[in-house]
Amino acid sequence: MPELRRVPVNGVELNVALAGSGPAVLLLHGFPHTWELWTDIMADLSGSYRVIAPDLRGFGASSAAASGYDAGTLSEDAAALLAKLGVSSAAVVGIDAGTPAAFLLAVRHPGLIRRLVVMESVLGGLPGADDFLAGGPPWWFGFHTAARGLAETVLEGHEAAYIDWFLHAGTLGDGVPAAIRDAFVHAYTGSHALSRAFSYYRALPESALQIAQAVTTARLTVPTMALGAQPVGAALERQLRPVTNDLTGHVIEDCGHIIPLHRPDALLTLLHPFLAGDDTVAA
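For the structure given in this document, a descriptive report is provided here. (Residues numbered from 1 in each chain as written. Predicted model: local features only at pLDDT ≥ 70, side-chain atom pairs only at ≥ 80, totals over all residues. Heavy atoms only, no water.)

Attention shifts here to the overall build of the chain. From N to C terminus, the chain includes 12 helices and eight strands. The globule rule puts the C-alpha radius of gyration for 283 residues at 19 Å, and the 17 Å found for the chain is close to it. Across its three principal directions, the C-alpha atoms of the chain cover 50 × 40 × 40 Å. Each of the 283 residues in the chain was classed as buried or not, and the buried ones make up 56%. Within the chain, contacts between residues separated by at least 24 positions form 74% of all contacts whose residues are at least 6 apart in sequence. Distance between charge centres in the chain, computed from 16 positive and 27 negative side chains, equals 7 Å. (Helix = DSSP H or I, 4+ residues; strand = E, 2+ residues; numbered from the N terminus. Rg over C-alpha atoms; globule rule 2.2 N^0.38 Å. Buried < 20%, exposed > 50% of the residue type's maximum accessible area, 1.4 Å probe, protein only. Contact = heavy atoms within 4.5 Å. Lys, Arg positive; Asp, Glu negative; His and termini not counted. Charge placed at Lys NZ, Arg CZ, Asp CG, Glu CD.)

In this section: the environment of proline 32. Looking at the element boundaries, proline 32 is found in the loop between strand S3 (24-28) and helix H1 (39-45). A C-alpha to C-alpha distance of 9.5 Å links proline 32 and aspartate 96, two positions 64 residues apart in sequence. Apart from the residues within four sequence positions on either side, proline 32 is in contact with Ile163, Phe166, Phe184 and Tyr188.

Attention shifts here to the pairing of strand S5 (residues 90-95). Most of S5 sits out of view: six of its six residues are buried. Burial of the side chains of S5 extends over both faces: Ala90, Val92 and Gly94 are buried on one face and Ala91, Val93 and Ile95 on the other. Across five bridges, the pairing between S3 and S5 is parallel. Bridge pairing links leucine 27 to valine 93 in S5. Judged from the six bridges that link them, S5 and strand S6 (residues 113-119) form a sheet pairing that is parallel. In the strand pairing of S6, alanine 91 is matched with arginine 115. (Pairing = 2+ DSSP bridges.)

What follows deals with the nonpolar core. In summary, soluble globular proteins display a tendency toward joint burial of nonpolar side chains. Ranked by size, the top nonpolar core spans 99 residues in total, and within it Trp38, Ile52 and Leu271 carry the most contacts. The residues contacting isoleucine 52, other than those within four sequence positions of it, are Val16, Ala17, Leu18, Ala24, Val25, Leu26, Leu27, Leu81, Leu82, Leu85 and Val87. (Core = buried A, V, L, I, M, F, W, Y, C linked by side-chain atoms within 4.5 Å.)

As paired elements, strand S7 (residues 224-228) and strand S8 (residues 247-251) share five bridges and run parallel to each other. Pairing of threonine 224 across the sheet is with leucine 247, part of S8. The β-α-β motif built from S7, the intervening helix H10 (residues 235-240) and the parallel element S8 has right-handed crossover chirality. (Right-handed = clockwise from strand over helix to strand, strands pointing away.)

The next point concerns the side chain of threonine 244. Mapped onto the secondary structure, threonine 244 falls in the loop between H10 and S8. Judged by its relative accessible area of 6%, threonine 244 falls in the buried class. Within polar-contact distance, the side chain of threonine 244 engages the backbone oxygen of leucine 240 at 2.7 Å. Discounting residues that sit within four places of it in the chain, threonine 244 has contacts with Arg219, Leu220 and Thr224. (Polar contact = N/O pair within 3.5 Å; in protein donor to acceptor, adjacent residues only side chain to side chain.)

The next thing to look at is helix H2 (residues 71-84). The end-to-end C-alpha distance of H2 is 20 Å, a good match for the 20 Å that 14 residues give at a rise of 1.5 Å each. Counting buried positions over the 14 residues of H2 gives 10, a clear majority of the element. Looking at H2, one finds that the buried residues are Ala71, Gly72, Leu74, Ser75, Asp77, Ala78, Ala79, Ala80, Leu81 and Leu82. Downstream of H2 by one or two residues, glycine 86 has phi in the positive range, about 75°. (Expected span 1.5 Å × (residues − 1).)

Once that is clear, we can look at the sheet that holds strand S2 (residues 12-19). The strand order S1-S2-S4-S3-S5-S6-S7-S8 describes an open sheet built from eight strands, whose pairing is mixed. A single partner strand is all that each edge strand has here, and the edge strands are strand S1 (3-9) and S8. Going across the sheet, the axis of each strand differs from the next one's by a mean of 20°, ignoring polarity. Each of S3, S5 and S6 touches helix H3 (residues 98-108); the most contacted strand, S6, lies at about 155° to it. (Axes fitted to C-alpha atoms, helices over the stretch in contact; angles between N-to-C directions.)

Moving on, we come to the side chain of aspartate 77. Relative to the helices and strands, aspartate 77 is located in helix H2. A distance of 2.9 Å separates a polar atom in the side chain of aspartate 77 from a polar atom in the side chain of asparagine 10. Sequence-distant contacts of aspartate 77, defined by excluding residues within four places in its chain, comprise Val9, Asn10, Leu14 and Arg57.

Moving on: the pattern of salt bridges. Tallying each qualifying case throughout the model produces nine salt bridges. Between glutamate 3 and arginine 5 there is a salt bridge, and its shortest N-O distance comes to 3.2 Å. For glutamate 3, a relative accessible area of 40% corresponds to the partly exposed category. Of the charged contacts, one joins arginine 6 and glutamate 13 as a salt bridge, the two residues approaching to 2.9 Å between their closest N and O atoms. On the accessibility criterion, arginine 6 (40% relative accessible area) is partly exposed. Residues joined in a network through salt bridges with shared partners are Asp164, Arg181 and Asp182. (Salt bridge = Lys/Arg side-chain N within 4 Å of Asp/Glu carboxyl O.)

This is the structure in structure tokens:
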């Protein structure tokens, strides 16, 4: 089992799972997940790497925060976490809500990030995601950002059914292990927990502006791998292609949105050679 540690950064305390030793790999989850999203990935990578998997601010067992759910703040939380842990060089892997934060972390701190893996998300309004967004954003984006407090009020008392829908859809009906499902449900139960989760969606316009501003003044210079599955596919790779110096893209077949839980072996098959590309510098 990973070691769980509380680490103060940027005015919040992050709940952080730590395992293994060697070059550092930082894992950033999305919605409706916690660090447990990475359970299989951590178990494998910890044989060669120092794996760091926080609950994002306000999510899971990390402390509540009144603000800071934009991608820019989440990226600075991650940078501060690495500094607190004494890490001077890390590979970063992000999915869903963790992807924009991972992207900005790599753009803003290229000397800190040696490799970047991003998956199953889109980056603000950057060109390339037109096909994916042709029918508009996924329905829950609107639900989570409608009249403030509406989604929380509607869902309170029905959180398990709501989370189960995402876990079912995100694995093409296969579902996830019961213990991980229960951890996710626990993390998102109650109006306050839901409100914090939905604050990420409510900050999406600010995050999109941060991403747009970032690519006007800088490029993504670190080696990057963009991974897609269902439903995002190659949209993220297309967004990254014009702003990235060294990009590899893959779409994992027969795989739902929650790649680390649905197809961990396929993900690890891609991660191992990519992460090993320049892991000669110990963190």
